[in-house]
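Descriptive analysis of the structure
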Amino acid sequence: MSRPEAVTAPPTAVAAGGRPPLRTRRERNRLHRTEALWALAFVAPPVLGYLLFTLYPLGFAAYASLTSWNGLGPMRFIGIDNYTRLLNDDYFRQTLFNTLFYMIGIPIGLTLSLLLALALNRRIVGRTAFRTIYYVPVISSLAAIAIVWQFAYNGDFGLVNQVLAWFGIDGPNWLQNTATVKPAIILMMIWKGLGYSMLLYLAAIQSVPASLYEAASLDGASWWQQLRAITMPMVRPVTFFLVVTNIIAGAQIFTEINIMTPTGGPEFSSASLVWYIWRQAFRYQQMGYATAMAVVLGILVFVITLIQFRLNRRNSFSID
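No experiment lies behind these values; they were computed from the predicted model shown. Along each chain, residue indices are assigned from 1 in the same order as the chain's sequence is written. Two thresholds apply to this predicted model, a pLDDT of at least 70 for residue-level local features and 80 or more for giving and counting side-chain atom pairs, whereas whole-chain, interface and lining totals are computed over all residues. Side-chain numbers here rest on the full set of heavy atoms in the structure, without hydrogens or water.

Another point: the overall build of the protein. In terms of helices and strands, the protein carries 14 helices and two strands. Atoms considered for the radius of gyration are the C-alpha atoms alone. The globule rule reads 2.2 Å times the number of residues to the power 0.38. The C-alpha atoms of the protein give 30 Å as radius of gyration, which overshoots the globular expectation for 320 residues (20 Å, by more than 25%). The principal-axis extent of the C-alpha atoms belonging to the protein is close to 125 × 75 × 35 Å. The proportion of buried residues among the 320 residues of the protein is 31%. For the protein, restricting intrachain contacts to residue pairs at least 6 apart in sequence, the fraction spanning at least 24 positions comes to 63%. The protein chains shown are the only cover counted for residues, whose accessible areas, like all others here, come from Shrake-Rupley with a 1.4 Å probe. Working note: accessible area of the protein is about 20700 Å², and carbon and sulfur atoms make up 65% of it. We count Lys and Arg on the positive side and Asp and Glu on the negative side, and we leave His and both chain ends out. Note that the charge is assigned to NZ on lysines, CZ on arginines, CG on aspartates and CD on glutamates. Of the side chains in the protein, 24 bear a positive and 13 a negative charge, and the two mean positions are spaced by 11 Å. Note on conventions: DSSP H or I runs of at least 4 residues are helices, E runs of at least 2 residues are strands, and numbering of each starts at the N terminus. Exposure categories follow from relative accessible area, calculated using a 1.4 Å probe and restricted to protein chains: below 20% of the type maximum is buried, above 50% is exposed, and the middle band is partly exposed. Two residues qualify as a contact provided that any one of their heavy atoms is within 4.5 Å of a heavy atom in the partner residue.

Describing an aromatic ring pair means giving the distance of the ring centres and the angle of the ring planes. Two rings from Phe, Tyr or Trp (for Trp, the six-membered ring) form a pair when their centres sit within 6.5 Å of each other. Planes less than 30 degrees apart are called stacked, planes more than 60 degrees apart edge-to-face, and all others tilted. According to the stated counting rule, one finds 16 aromatic pairs in the structure shown. For the pair Trp-149 and Tyr-153, a centre-to-centre distance of 5.4 Å together with 50° between the ring planes defines the contact as tilted. For the pair Trp-149 and Tyr-153, one class covers both residues: buried. Through a chain of ring-to-ring contacts, the aromatic side chains of Tyr-91, Phe-254, Phe-268, Trp-275, Tyr-276 and Trp-278 assemble into a single cluster. The ring of Tyr-289 carries the charged tip of Arg-85 above its face, separated from the ring centre by 3.7 Å. Charge-over-ring placement is defined geometrically: NZ (Lys) or CZ (Arg) within 6 Å of the ring centre, and within 35 degrees of the ring normal.

With that settled, the discussion passes to the nonpolar core. Side-chain atoms within 4.5 Å link the members of a nonpolar core, which is a set of buried Ala, Val, Leu, Ile, Met, Phe, Trp, Tyr and Cys residues. Membership of the largest hydrophobic core comes to 55 residues, with the highest contact counts inside it found for Tyr-153, Tyr-201, Met-260, Met-293 and Leu-297. Counting only elements with at least two residues in this core, the list comes to helix H3 (90-102), helix H4 (105-120), helix H6 (142-152), helix H8 (181-206), helix H11 (236-251), helix H12 (255-260), helix H13 (273-283) and helix H14 (287-314). Looking at this core element by element, the count peaks at twelve residues for H8. If near-sequence neighbours (up to four positions away) are discounted, Met-260 is found in contact with Ala-146, Trp-149, Gln-150, Tyr-153, Leu-175 and Met-188.

A residue's pLDDT is the confidence the predictor assigns to it, expressed on a 0 to 100 scale. Averaged over the protein, the pLDDT score is 88; the fraction of residues at 70 or greater is 91%. Note that pLDDT drops below 50 for residues 6-10; the model gives that stretch zero contacts with residues more than four away or on any other chain. In the predicted structure, residues 12-16 sits below a pLDDT of 50 and forms five contacts with residues beyond four places in sequence or in another chain.

Here, a salt bridge means any Lys or Arg side-chain nitrogen found within 4 Å of an Asp or Glu carboxyl oxygen. Per the counting criterion, the structure on display carries one salt bridge. In this structure, Arg-93 and Asp-90 form a salt bridge, with 2.2 Å as the shortest nitrogen-oxygen distance. You can see Arg-93 and its partner Asp-90 sitting in helix H3, three residues apart, about one turn around the helix. On the basis of relative accessible area, Arg-93 is assigned to the partly exposed category, the value being 41%.

What follows concerns the environment of Asn-177. When you line up the elements, Asn-177 lands in the loop between helix H7 (159-166) and H8. With relative accessibility at 28%, the residue Asn-177 sits in the partly exposed group. With sequence-adjacent residues up to four places away left out, Asn-177 is seen in contact with Pro-172 and Pro-266.

Take the number of residues in a helix, subtract one, and multiply by 1.5 Å to get its expected span. Under the 1.5 Å per step criterion, the end-to-end length of H11 is 22 Å for 16 residues, consistent within 8% with the ideal 22 Å. Among the residues making up H11, those that are buried are Val-238, Phe-240, Leu-242, Val-243, Val-244, Ile-247, Gly-250 and Ala-251.

This part is about the side chain of Arg-279. Mapped onto the elements, Arg-279 comes out in helix H13. In contact with Arg-279, not counting residues within four places along its chain, are Phe-268 and Tyr-284.

Okay, structure coming up:
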């Protein structure tokens, strides 16, 4: 008796999943082309946006910095003359120094924000109201805040000098004095950003495992030792984020300067680099020269940010 032959499924048999298998190369190629087209359709918008709004402006700015251009007429290529001019521009050096000087407020503001977050993390009466009050300047208009502080710093009837008069101190005209104009603006910037940094620090502190503090307390660690060995390392990612973003924002300070000291302050003592770039570009129509300064500023910010990333990578840690 002969053995029955194995029964094979016909080519059109349906697979277990209810879909006929792709057995021809043409069907597989058609499916691959369809998937590739859909992938390109989803990838194209962000890629085109990056090319149009990032790479093209960067390339155009790099070329414009090598030209003599008023922003409307034709460009005249002049090579590196704009960058050579920067080396001999006293106003450029002054505004660059002022911009870097304003960075002093970053560590001061972050320190105050961390201390404020530690205080508001405790169970105190009205802490929700205090958190809201400290965050109100963050969501307020920067122009309105600059106007308010401009009146507060007025040498004749300003609120700051009125408070100092209660203690018998004759306050100066803060925004018209070369020695006080930059510290005055720094104080306003710290006050404006205090709530934002405080909120991020507060979220980071509340995410620290309570078991770490409990173990440290059992070992006899003091509050300062817990702060230095637990809190500070655990909030380091937030500190890194705030340092980088504050440096980028501080390098672009403009609104405060333009409103509080519209002429750049006495002897250009408060003018920032971005304010000077705007002045050269839109008041004197020296767009090519202003673009060269903007390129230099962008390179400086990029280098400082790169250094921060390297330092953060070197100091990174992990907890199992």
